[in-house]
Amino acid sequence: MRNPTAFLKKEYKELKDKGIDWELWVLIGASKSHCNIGGKKVIMLCSNNYLNLSNHPKVIEAAINALKTHGAGSGSVRAIAGSMDLHFELEKTIARFKRTEAALYYQTGFAVNAGLIPQLIGKEDAVISDELNHGSIIDGVRLTRTERYVYAHNDMGELEKVIKEADSKGARRILVITDGVFSMDGDIAHADVIVKLAAEYGAMTYIDDAHGEGTIGPDGRGIGAHFGIEGKIDVEMGTFSKAYGVVGGLAAGSKDLVRFAFNKSRTWLLSGSAPPPTVAACKAALEVLETEPEHVLKLWENTNYFKKELISLGFDTGNSQTPIIPAMCGESHKARALSKRLYNMGIFALPIVFPMVARDKARIRCQMNTGLTREDLDTALNAFEKGGKELGII
Ligand SMILES: Cc1ncc(COP(=O)(O)O)c(C=O)c1O
């Protein structure tokens, strides 16, 4: 007789035996630079809440007010009765911040990639993707029957070669898609070159700037602002779950794009709209960025100091150009052991190991935060030095 659920235990055990299962940590209280994780007070070095906006008084106040005026939920999907004034106000604010004609807010960034990519391309088209693109892009592409081309990470020579190939094969549409800031290495896509090449061959550009928004470019306006190519990226995709400190996804671009996207993205059309406190908090977070430039400046002050000191301790930080700073450890067991030692010394920084990165490229991925003081950073650096020496990493 078939046991219909036996695979649940078996497959979990396989993950556990390979050491690639997830254990969940409890974050007790708010996500801040000093947190309580699993009952222990720690300095947080692996949160996406780069600017600490989730705790900003204006963001909190906006969420509370919206809860009082608009309630806890929207009551519907956007397309039926769930498009509140708050959603439209947020979308206007996104477009103003990103300097695009229009913008659309989704429930999550994942919902943008899973909902919009499959509508932009189909069977007669070609999609050209960086080999290190985020899983949500990969899943969005999987939902299409489009011919796929993958180019070596950030290799613009290879990108041009594959655009030419797709073009010569007579693709109806060509979509070039990349992360803006790569989440494991913290390096930046050559968006200026991508936009130029795409224009030469009549290709569309789609940049997932999840880790770039709020961190790079003037006032944290993201990859378009960083390269001075605002308005030239066909689809600027982003998320509110990282530097903006809330949750939600965005697609910014032309009015044509936005009308197309909300008529066709199934994740947007068929899923309840985000609740009022969330939407109001997202808008307030953008307004904070527009009026308080000190947050992004502080993030970079911390980033530059921490990276310089980590390198002078002997750590390899790879190609990091952003507040994502990997401390390379080599084999997975070393990264895991270092993470454990760091936790024991009051530093929370998780290991990134195979299969998320290559087998010999396991690392501790550090993410900077505006709430970290110089003293916090020095405490963390001392712990890295101690743990790194004990394990023979430095
Ligand atoms: C590059 C990238 N794209 C998309 C997402 C998904 O964003 P969200 O958390 O809003 O679903 C993430 C989050 O992990 C990401 O890092």
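Cut-offs and rules
Residues numbered from 1 in each chain as written. Predicted model: local features only at pLDDT ≥ 70, side-chain atom pairs only at ≥ 80, totals over all residues. Domains from an automatic or database assignment. Contact = placed C-beta atoms within 7 Å. Helix = DSSP H or I, 4+ residues; strand = E, 2+ residues; numbered from the N terminus. Nonpolar A, V, L, I, M, F, W, Y, C, P; charged D, E, K, R; others polar. Core = buried A, V, L, I, M, F, W, Y, C linked by C-beta atoms within 7 Å. Buried ≥ 20, exposed ≤ 12 C-beta atoms within 10 Å, placed from the backbone. Axes fitted to C-alpha atoms, helices over the stretch in contact; angles between N-to-C directions. Parallel < 35°, antiparallel > 145°, perpendicular 65-115°, else oblique. Left-handed = near helix turned anticlockwise from the far one by under 90°. Pairing = 2+ DSSP bridges. Near = placed C-beta within 6 Å. Expected span 1.5 Å × (residues − 1). Arc of directions from axis to C-beta. Right-handed = clockwise from strand over helix to strand, strands pointing away.

(A) Highlighting the domain arrangement of the chain. By domain assignment, the chain separates into domain 1 (9-55 + 293-390) and domain 2 (57-291). For domain 1 versus domain 2, the distance between C-alpha centres works out to 26 Å. Taken together, the contacts link 22 residues of domain 1 with 22 residues of domain 2. When contributions to the side of domain 1 that touches domain 2 are tallied by element, the ones reaching two or more residues are α12 (294-313) and β11 (324-330). Residue contributions to the side of domain 1 that touches domain 2 peak at three residues, all from β11. Of the residues assigned to the side of domain 1 that touches domain 2, the class counts are 13 nonpolar, eight polar and one charged.

(B) Spatial organisation of the nonpolar core. Formed by 108 residues in total, the largest nonpolar core has its most connected members in Ile128, Leu175, Leu250, Ala251 and Ala285. Among the elements that line this core, the one with the most residues is helix α11 (residues 276-291), at nine residues.

(C) The arrangement of the packing of helix α3 (residues 85-98) against α11 in detail. Between α3 and α11, the least distance of the axes is 9 Å, while the angle of their chain directions is 25°. It follows from the interaxial angle that α3 and α11 lie roughly parallel. Every pair of crossing elements has a handedness; the one defined by α3 and α11 is left-handed. Along the contact surface, α3 presents Leu86, His87, Glu89, Leu90, Thr93, Ile94 and Phe97, while α11 presents Pro276, Val279, Ala280, Cys282, Lys283, Leu286, Glu287, Leu289 and Glu290. Of the residues belonging to the contact of α3 with α11, the class tally is 10 nonpolar, two polar and four charged.

(D) Layout of the sheet that holds strand β12 (residues 347-348). With mixed pairing, the four strands of this open sheet are ordered in space as β1-β2-β3-β12. Looking at which strands have only one partner, the edges of the open sheet turn out to be β1 (27-28) and β12. Relative to strand β2 (residues 34-37), β1 is paired through two bridges, and the arrangement is antiparallel. By the bridge assignment, Leu27 is partnered in β2 with Ile37.

(E) Region of interest: the site of the ligand. As a structural note, the neighbourhood of the ligand is formed by 13 residues, with Thr108, Gly109, His134, Ala210 and Thr239 the closest of them. Grouping the constituent residues of the shell around the ligand by class yields two nonpolar, nine polar and two charged.

(F) Inspection of helix α2 (residues 57-70) at higher detail. End to end, α2 covers 20 Å across 14 residues, agreeing with the expected 20 Å (1.5 Å per residue, within 8%). Buried within α2 are the following residues: Val59, Ala62, Ala63 and Ala66. Projected down its long axis, α2 carries its buried residues within an arc of 100°, all on one side. Opposite the packed face of α2, turned more than 90 degrees from it, sit the exposed residues Pro57 and Lys68. Considering only its buried residues, α2 is in contact with α3 and α11. Immediately downstream of α2, the backbone of Gly71 shows phi near 85°, a positive value.

(G) Region of interest: the pairing of strand β8 (residues 204-208). In terms of burial, β8 is largely enclosed, as four of its five residues are buried. With helix α7 (residues 191-201) bridging strand β7 (residues 174-179) and the parallel β8, this β-α-β connection has right-handed handedness. Sheet analysis places β8 next to strand β9 (residues 235-239), joined by three bridges and oriented parallel. Paired with Ile207 across the strands is Glu236, a residue of β9.

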